[in-house]
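Here is how the chains run, residue by residue.
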Amino acid sequence: MDQIKDRKYQEQIDFLRENHGFSQAHANALVMYSRGSTSSRRYDTVDGYLAQFDATQQKTARAILKAVTSKYRKAEVVIAWNQPMVRLDGHYVFGLSVLANYILIAPLGGVLEEFRPRLTDYKVNKKTIQVPSDWKVDVGLIRDMVAARIAENEGGA
């Protein structure tokens, strides 16, 4: 962000989207943060984030995150871009976002394309996978995607 700090807001957004694969929301969050916005941060904890959702959504979101953290003990769940993200060894490896009628899971990096053949039962967006709020969490799928993201990070991606 220091390299593009003198550019206009939309130019910064475009730069992040075109050169680093950011979504509009993530680019906006980073630009706002780098410009000193304090209003863009809404949640400090995962519990605080999940408190706004019903018990079913909370249970599913926690089970998704546990699928990662129970296998990767050094992984930490943090709030980044106002949503829960799993970070391991300084790299984000997985994220999720709860919406009114479903949950979006984000394996990050190039992992989504690699896993498309296993995702035929889900609605797959550009960077996320839509699962039901009451999803019976496919622990194997989640862990396999995270393992692929870790391998991608180790390969320098």
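Numbering of residues starts from 1 in each chain and follows the order in which that chain's sequence is written. Whole-chain, interface and lining totals are the exception, using all residues; otherwise, since this is a predicted model, local features are given only for residues with pLDDT of at least 70 and side-chain atom pairs are given and counted only at 80 or more. Note that the side-chain values use all heavy atoms of the structure and ignore hydrogens as well as water.

Bringing the nonpolar core into the picture now. Among the buried residues, those of types Ala, Val, Leu, Ile, Met, Phe, Trp, Tyr and Cys that are joined through side-chain atoms within 4.5 Å form a nonpolar core. Three exposure classes are used, based on accessible area relative to the maximum for each residue type with a 1.4 Å probe and protein chains only: buried under 20%, partly exposed in between, and exposed over 50%. Judged by nonpolar contacts, the single largest core of 35 residues is most densely connected at I64, F94, L96, V98, I105, I142 and M145. Numbering of helices and strands runs from the N terminus; a helix is a DSSP stretch of H or I covering at least four residues, while a strand is a stretch of E covering at least two. Taken together, the elements giving at least two residues each to this core come down to α3 (46-50), α4 (55-69), β2 (83-88), β3 (91-98), β4 (102-106), α5 (111-115), β6 (129-132) and α6 (139-154). Examining the composition of this core, we find that six residues originate from one element, α6, more than from any other. A contact between two residues is defined here by any heavy atoms of the two lying within 4.5 Å. Those residues in contact with L96, other than ones at most four positions away along the chain, are A61, I64, L65, Q83, P84, I103, L104 and I105. Grouped together as the second largest cluster of nonpolar side chains are five residues, V78, A80, M85 and A106 included.

Bringing α6 into the picture now. Under the convention used throughout, the expected extent of a helix is 1.5 Å for every residue step, that is, one less than its residue count. The terminal C-alpha atoms of α6 lie 22 Å apart, and with 16 residues this matches the ideal 22 Å at 1.5 Å per residue to within 8%. In this structure, the buried residues of α6 make contact with α4, β2, β3, β4, α5 and β6.

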